[in-house]
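Each chain, written out:
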Protein chains: 2
Amino acid sequence: MWCQSCREEYEEDDAGTCKECYEEASETEEELKREIEDLKSKVSFLRLNSPLDLPSPDLFLHAISSPPPPQHDPLTSAPAVPAHRAVLISRSPVFRAMLENEMEESRSGMIKINDVSYDVLRSFVHYLYTAEVLLDEHMACELLILAEKYQVKHLKAFCEKFMTSKVNNENAIANFAFAHRHNSKQLLDAALSLITDNMATLTVREEYKELVEKDPRLVVEIYEAYLTRQVNTAARDIVLPH
Amino acid sequence: MWCQSCREEYEEDDAGTCKECYEEASETEEELKREIEDLKSKVSFLRLNSPLDLPSPDLFLHAISSPPPPQHDPLTSAPAVPAHRAVLISRSPVFRAMLENEMEESRSGMIKINDVSYDVLRSFVHYLYTAEVLLDEHMACELLILAEKYQVKHLKAFCEKFMTSKVNNENAIANFAFAHRHNSKQLLDAALSLITDNMATLTVREEYKELVEKDPRLVVEIYEAYLTRQVNTAARDIVLPH
């Protein structure tokens, strides 16, 4: 009889997976759990307080929704989000370039963020301090766009993972197009494989018709993926003659 | 025959630890490793740059070694370490109290740190930003003192763990006394058990004689621990009559 783990033969009268392998496995698990505890305490140590709870901000971020409401100075339309140069520079190479060189934002201490709501901007800045955010599908989508724009890789991956977990038949085409615009490989693959799973209903969908209008190249990509898949399946099913 | 893990009986012809348990164990390991990867990326996201690489510090920390070198203004004797209120407040409740209330340090933007060298202070502040430090035994000891003073629990635990790993017969008594002064339970237990392992040579040691002079109560504690240990051993060795 054989140990499932190390594949060594072991004595009939010994318990199944040889003792060594079994004990080794348990030790590994213990070590991994210890490492997780250490990392968790490091995370909570490194987490900053919310910028709203911290003194002496030296920067203010303004959400500029576009188009701005009529008869409205967009800068006065929503409160500014306070922040600290030191934090933004540590989190984003884009903010670093903006604030380390003598650009207007650096001199004025005011950064305008276009096409974003105040709530999304506040969540974005909060994440830069705490690595925490409560996501729904809209927020994940908006934050992913900001994270990509300011090259906050960690937040982008976090949003992408969340959106990937929410892909379904209803939103697959929209997510496929979104993933394309924002270079989200993981989301793109998930959406595409779901679409190619349901080709029968594809062409009747509204989103499909819109996509043919707006961006036919993406539709071509869907059909190419479908074709590749069929070819591979066929190849697998070929039975070689004896 | 029995599965070592779930203790259920399994088929003779099945491999040792029942497949379920074996596969479950492997999955757990995979999940733990994924969690570790996530936490590591979170740590590297939350880690700030070194304060020396960051702009617009709004605080300066000065190491005041005591006694100060003769004919020397301690403030000018070593360069100041730049820092940011927002970071110090997030890391230490002591700095928070100091900087949120209108104390002199808050008004002047200058914090004097007594009885510490410039190198130690710089490492301390660097750790507050990055959670990184290269320890040797001297540095661990100095940083533990600072970490306790400013209630930076994470750093204190880190130094204590390092010092505990370095306890040996030569430094056990010194570490025992140090652990007492700075409430380091883990280090205290390690040192004490090593001391009680070597009672035969205890009284001839120089550090022992010094301790009897300086702090006899600690010596009493050593003897009490030794006594308890002997009593327990004796209790274990008692053989009950039939």
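Residues numbered from 1 in each chain as written. Chains lettered and ligands numbered in written order. Predicted model: local features only at pLDDT ≥ 70, side-chain atom pairs only at ≥ 80, totals over all residues. Heavy atoms only, no water.

Looking now at the pattern of salt bridges. Residue and element names in this part refer to chain A. In the structure shown here, the tally under the stated rule is 22 salt bridges over all chains. The shortest N-O distance in the salt bridge between Glu29 and Lys33 comes to 3.0 Å. Here Lys33 and Glu29 lie together in helix H1 (residues 19-46), a separation of four residues that amounts to about one turn. Given a relative accessible area of 24%, Glu29 falls into the partly exposed group. Taking relative accessible area as the criterion, Lys33 reaches 36% and is therefore assigned partly exposed. Across the pair Glu132 and Arg47 runs a salt bridge whose closest N-O atoms are separated by 3.4 Å. Within this pair, whereas Glu132 is found in the loop between helix H6 (118-130) and helix H7 (137-149), its partner Arg47 is found in the loop between H1 and strand E1 (59-64), the two being separated by 85 residues in sequence. The class of Glu132 is partly exposed, set by a relative accessible area of 37%. (Salt bridge = Lys/Arg side-chain N within 4 Å of Asp/Glu carboxyl O. Helix = DSSP H or I, 4+ residues; strand = E, 2+ residues; numbered from the N terminus. Buried < 20%, exposed > 50% of the residue type's maximum accessible area, 1.4 Å probe, protein only.)

Attention now moves to helix H1 (residues 19-46) of chain B. For H1 of chain B, with 28 residues, the first-to-last C-alpha span of 41 Å sits near the 40 Å given by 1.5 Å per residue. Within H1 of chain B, burial applies to Cys21, Leu32, Ile36, Leu39, Val43, Phe45 and Leu46 of chain B. Of the surrounding secondary structure, the elements contacted by the buried residues of H1 of chain B are H1, helix H3 (85-91), H6 and helix H8 (153-165) of chain A. (Expected span 1.5 Å × (residues − 1). Contact = heavy atoms within 4.5 Å.)

Okay, the interface of chain B and chain A next. Every contact between the two is made by 51 residues of chain B and, on the other side, 51 residues of chain A. Linking chain B with chain A are four salt bridges, by the criterion used here. The salt bridge partner of Lys161 of chain B is Asp38 of chain A, with a shortest N-O separation of 3.4 Å. At the surface where chain B touches chain A, the tally comes to 10 residue pairs in polar contact (both at pLDDT 80 or more). Element by element, the count of residues in the side of chain B that touches chain A is highest for H1 of chain B, at 16 residues. Considering only residue class, the side of chain B that touches chain A consists of 22 nonpolar, 12 polar and 17 charged. (Polar contact = N/O pair within 3.5 Å; in protein donor to acceptor, adjacent residues only side chain to side chain. Nonpolar A, V, L, I, M, F, W, Y, C, P; charged D, E, K, R; others polar.)

This next bit is on the environment of Ser106 of chain B. All names here are of chain B. Structurally, the position occupied by Ser106 is in helix H5 (residues 104-108). Judged by relative accessible area, which is 8%, Ser106 ranks as buried. Note: C-alpha distance between Ser106 and Leu61 (45 residues apart in sequence) is 12 Å. With near-sequence residues (within four places) excluded, Ser106 lies in contact with Arg85, Met98, Leu99 and Asn101.

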